[in-house]
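# Report on the structure
Below, each chain spelled out in residue letters.
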Amino acid sequence: MKTKILLSLLLLFSVSFFMVSCDDDDDGMNDDSSNNIVAVLQANDFNILAAAATQAGLIETLQGDGPFTVFAPTDAAFVQLLADLGVDGLGDISNLDLVEILTYHVVAAEVFSADVTDGDVTTVNGADITLATTDGITVNGASVVSPFDLDASNGVVHSIDKVLIPDGFELSPTKDIVETAVASGYSSLAAALTRADLISALEADGPFTVFAPTDEAFASLLTTIGQESIDDVPVDVLTEILKYHVVSGSVPSSAVTAGNVATLQGDEITLATEGGITVNGAKVISPFDVESTNGIIHTIDAVLVPEDILAFVGTILEPAYFNKNFTTLITAAVKADLVTTLLDAEALTIFAPTNDAFTASGIDLDAATSDEVAEILKYHVVGDKLLSSQLSASETTLQGDDIFFSLLDDGNYINGSSEITTVDVESGTGVVHVIDDVLEPAAGTIVDVTSALADDGSFTSLLAALTRTAGDGSPEDLVAVLNATGPYTVFAPTDAAFTGLLNSNESWNTLNDIPIATLVDVLKYHVVSGRVYDVDLAGALTANKVASVEGTDLTFDLAELTINTSANITGTNVHATNGVIHVIDEVLLVP
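Residues numbered from 1 in each chain as written. Predicted model: local features only at pLDDT ≥ 70, side-chain atom pairs only at ≥ 80, totals over all residues. Heavy atoms only, no water.

### Details of the environment of I277
The topology assignment puts I277 in the loop between β11 (268-272) and β12 (278-279). We classify I277 as buried; its relative accessible area is 18%. Taking the C-alpha atoms as reference, I277 lies 9.9 Å from S254; in sequence the two are 23 residues apart. Not counting residues up to four positions away in its chain, the partners in contact with I277 are S253, V256, A272, A282, K283 and V284. (Helix = DSSP H or I, 4+ residues; strand = E, 2+ residues; numbered from the N terminus. Buried < 20%, exposed > 50% of the residue type's maximum accessible area, 1.4 Å probe, protein only. Contact = heavy atoms within 4.5 Å.)

Okay, here's the thing in structure tokens:
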């Protein structure tokens, strides 16, 4: 509407100039451009009026042929106008509005004070002003004050003590939706838009209708989903939620009708008008019909959440889904097609690795198959709700294998290496415990794992020694023993350590040169009954000693991480289904 008015005004302005210019030519008026109306305004300290004319793009026009009569508000009058409009400066008034106001102060003729008569005069704006001469000259009730009759080369200027406002004038918005949201106190919405990188989208031409949740509504959402800050919510999730509040087109409250409307997110929202306007049940409250340059804002008392996101609220996956630190876990669950399974379960415990944990693990989720990802994820889930106080030494996972707990005064660990950093995040039908490492199912028994390590070239001698005990004449088949249920803890010497063993006896050139009984005793001296992760060692020792399955004690220095004073523990917690392997750099000889 304002655009149509401006076009009409400019057309009228042009016609007026043309007609008056013809009269000027007939009268032979002298044109001294150095003393035109703009120069007169500047010379007589109409500073704000001059600035307003500059902002509105009217300077060149007021320097034209004229003649014009300008009723020029004083600076004090403009200061009062700004206060009355509730704005901080001219910059808060659109150029379109300034044109409408300023042209309402201009008459396309030269009228000195002595020639003023009572009555209505049409302004360049197109609307009339009312002149009166009782008790001085007034314009729409505003007094003509000194200085007046300021002669210009293209007209005359009279000072007035008030800015004239056309009937029906309404201040147009000067800020786009984002700027309006910031200026109107929607601080949480503005922060969310910034985080979701939607600023540029809502600064576009639009128009848009935005249903803007209050700060309290955002705070309530955060409480519901268990997050402390908008910055905690994953960007992708936040983006979908915010776009669900935006509708194409500028729809004032008076034009709202009941029914479904598509949002920029793609899903529909449901509008209702009985007993006030509601959106998906959220109430439209004051302020509403907040206009901006590219749309309109209506305040609502709750955050709207799309159905596919709402499905996670109040579930076991809620703590991970709505937290930016677990986006990889959710991505993995989607790839493994486990989301529905987890959401529908009656009771679960999830040990949730962070994004950093997935990165550190080196697992390539893109390269892995969905079945492989499912195996890993199910190894993090127990089919019962277990608070930290209810954890036992081991629990069976949905993957089928057990995970093992070390519950210590200085921390709680799974499979020796993964620390439980946050416990007892209850949600939905279960509980989440946060861990700092990705749990991977064991590759097999101690023998299977040793064989796999031998393939890497580090433990071929240990595998060969174990294999020899399974041959004829062996007093004990250690391959069978270490393939059995156990559990056992094995301190596994590297190939380099076995080289040192062979060098300890001049007659031992190969493992086959070692008497089988001696070899069995040596190997059994490297095995301890029970599953003892490195974090469990202190609790397993008595006077720094623990008995080997050979029967002789091993002596540990945990400060130096050595066994029998000289063998260094160089690697820990290689997980197996029936125990755990620690790496040492020396073969232990039975005293």
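### With respect to the packing of helix α18 (residues 446-455) against helix α19 (residues 460-469)
Relative orientation of the contacting elements α18 and α19 amounts to 140°, with a least axis distance of 8 Å. Judged on the interaxial angle alone, α19 and α18 are oblique. Every pair of crossing elements has a handedness; the one defined by α18 and α19 is left-handed. Across the interface between the two elements, T450, S451 and A454 of α18 pack against T460, L462, L463 and L466 of α19. Of the residues that constitute the contact of α18 with α19, the class distribution is 4 nonpolar, 3 polar and no charged. (Axes fitted to C-alpha atoms, helices over the stretch in contact; angles between N-to-C directions. Parallel < 35°, antiparallel > 145°, perpendicular 65-115°, else oblique. Left-handed = near helix turned anticlockwise from the far one by under 90°. Nonpolar A, V, L, I, M, F, W, Y, C, P; charged D, E, K, R; others polar.)

### Here's the deal with the environment of A345
Position of A345 relative to the elements: it lies in the loop between α15 (339-344) and β15 (348-353). As for A345 and V233, which are separated by 112 residues in sequence, their C-alpha atoms are 24 Å apart.

### Digging into the sheet that holds strand β8 (residues 208-213)
Strand-to-strand pairing in sheets goes through backbone hydrogen bonds, with the strands running parallel or antiparallel. Strand order in the open sheet made by the 7 strands is β9-β8-β14-β13-β12-β11-β10, with mixed pairing throughout. Unpaired on one side and paired on the other, β9 (246-248) and β10 (259-262) mark the two borders of the sheet. In the sheet, strand β13 (residues 282-292) pairs with strand β14 (residues 295-300) via 5 bridges, with the strands oriented antiparallel. Across the sheet, V290 pairs through a bridge with I297, a residue of β14. (Pairing = 2+ DSSP bridges.)

### Examining the packing of aromatic side chains
Per the stated rule, a full pass over the model turns up 4 aromatic pairs. Ring geometry for F312 against Y321: centres 3.8 Å apart, planes inclined by 5°, an arrangement best described as stacked. On the basis of an interplanar angle of 80° and a centroid distance of 5.0 Å, the ring pair of Y321 and F322 is categorised as edge-to-face. Note on accessibility: Y321 and F322 belong to one class, buried. Cluster of aromatic residues (ring-pair linked, three or more members): F312, Y321 and F322. The ring of F404 carries R531 above its face, with NZ or CZ at 3.5 Å from the centroid. (Phe/Tyr/Trp six-rings, centres within 6.5 Å; stacked < 30°, edge-to-face > 60°. Lys NZ or Arg CZ within 6 Å of the ring centre and 35° of its normal.)

### Let's talk about the pattern of salt bridges
Proximity of charged atoms lets side chains of opposite charge pair with each other. As enumerated under the stated definition, the model contains 3 salt bridges in all. Measuring nitrogen to oxygen at the nearest pair gives 2.6 Å for the salt bridge that ties K385 to E426. With K385 in the loop between β16 (381-382) and β17 (394-396) and E426 in strand β20 (residues 418-427), this residue pair connects regions lying 41 residues apart in the sequence. Residue class for K385 comes out partly exposed when judged on its relative accessible area of 29%. In this structure E426 comes out as partly exposed when scored by relative accessible area, which is 49%. With its nearest N and O atoms 2.8 Å apart, the salt bridge here joins E476 to K524. Residue E476 is located in the loop between α19 and α20 (478-483), and its partner K524 is located in helix α22 (residues 516-524); the two are separated by 48 residues in the primary sequence. For E476, a relative accessible area of 27% translates into the label partly exposed. Overall, the relative accessible area of 16% leaves K524 in the buried class. (Salt bridge = Lys/Arg side-chain N within 4 Å of Asp/Glu carboxyl O.)

### Focus on a negative patch on the surface
Judged by side-chain charge, D267, E268, E307 and D308 come together as a negatively charged surface patch. Here D308 is to be found in helix α12 (residues 307-310). Residue class for D308 comes out partly exposed when judged on its relative accessible area of 46%. (Patch = residues over 30% accessible without salt bridge, like charges linked within 9 Å, V, L, I, M, F, W, Y side chains within 5 Å. Areas by Shrake-Rupley, 256 points an atom, 1.4 Å probe, with all protein chains shown as cover. Lys, Arg positive; Asp, Glu negative; His and termini not counted. Charge placed at Lys NZ, Arg CZ, Asp CG, Glu CD.)

### Remarks on the pairing of strand β18 (residues 402-408)
Pairing between β17 and β18: 3 bridges, direction antiparallel. Note that in β18 the partner of S394 across the bridge is F404. Hairpin connection, β17 to β18: the antiparallel pair is bridged by 5 residues, and G400 has positive phi, about 110°. Counting the residues that bridge the hairpin from β18 to strand β19 (residues 411-414) gives 2 residues.

### Thoughts on the nonpolar core
One finds L189, L242, L317 and L377 to be the most contacted residues of the largest nonpolar core, which totals 62 residues. Setting aside residues up to four positions removed in sequence, L189 forms contacts with A181, A212, P213, D215, F218 and L242. Membership of the second largest hydrophobic core comes to 33 residues, among which are F46, I48, A77 and L90. (Core = buried A, V, L, I, M, F, W, Y, C linked by side-chain atoms within 4.5 Å.)

### Some details on the side chain of R531
Summarising the element assignment, R531 is placed in the loop between β23 (527-529) and α23 (537-540). Of note is the side chain of R531, whose polar atom sits 3.1 Å from the backbone oxygen of A576. Of the polar contacts made by the side chain of R531, one reaches the backbone oxygen of G579; its length is 3.0 Å. Those residues in contact with R531 that sit more than four places away from it in its chain are F404, P487, T489, D536, H575, A576, T577, N578, G579 and V580. (Polar contact = N/O pair within 3.5 Å; in protein donor to acceptor, adjacent residues only side chain to side chain.)

### Considerations on helix α14 (residues 327-335)
Looking at α14, one finds that the buried residues are L329, I330, A332 and A333. Buried residues of α14, viewed axially, fall in a sector of 160°; they line one side. Where α14 is buried, its residues touch α13 (318-321), α15, β15, α16 (355-361) and α17 (370-378). The positive-phi residue at the C-terminal boundary of α14 is D337, with phi of around 60°. (Arc of directions from axis to C-beta.)

### Concerning the pairing of strand β4 (residues 128-132)
Of the two faces of β4, only one is covered, namely that formed by I129 and L131; the face formed by D128, T130 and A132 stays uncovered. Both strand β3 (residues 119-122) and β4 contribute to a ladder of 4 bridges, which runs antiparallel. From the neighbouring strand, G119 faces β4, where its bridge partner is L131. Linking β3 to β4, which pair antiparallel, is a turn of 5 residues; within it G126 sits at a positive phi near 105°. Bridge count for β4 against strand β5 (residues 138-139) is 2 bridges, and the pairing is antiparallel. Residue pairing for β5: A132 is matched across the bridge by T138. In this antiparallel pair of consecutive strands, β4 and β5, the connection spans 5 residues, and D135 shows a positive phi of 55°.

### Re unusual backbone geometry
Following S146, the chain continues into P147 via a peptide bond in cis, with omega recorded as 0°. For P147, the position within the fold is in strand β6 (residues 142-152). Residue D135 is not a glycine yet carries a positive backbone phi of 55°. For D135, the location among the structural elements is in the loop between β4 and β5. For D149, which is not glycine, the phi dihedral falls at a positive 55°.

Purely geometric numbers; function is a separate question.
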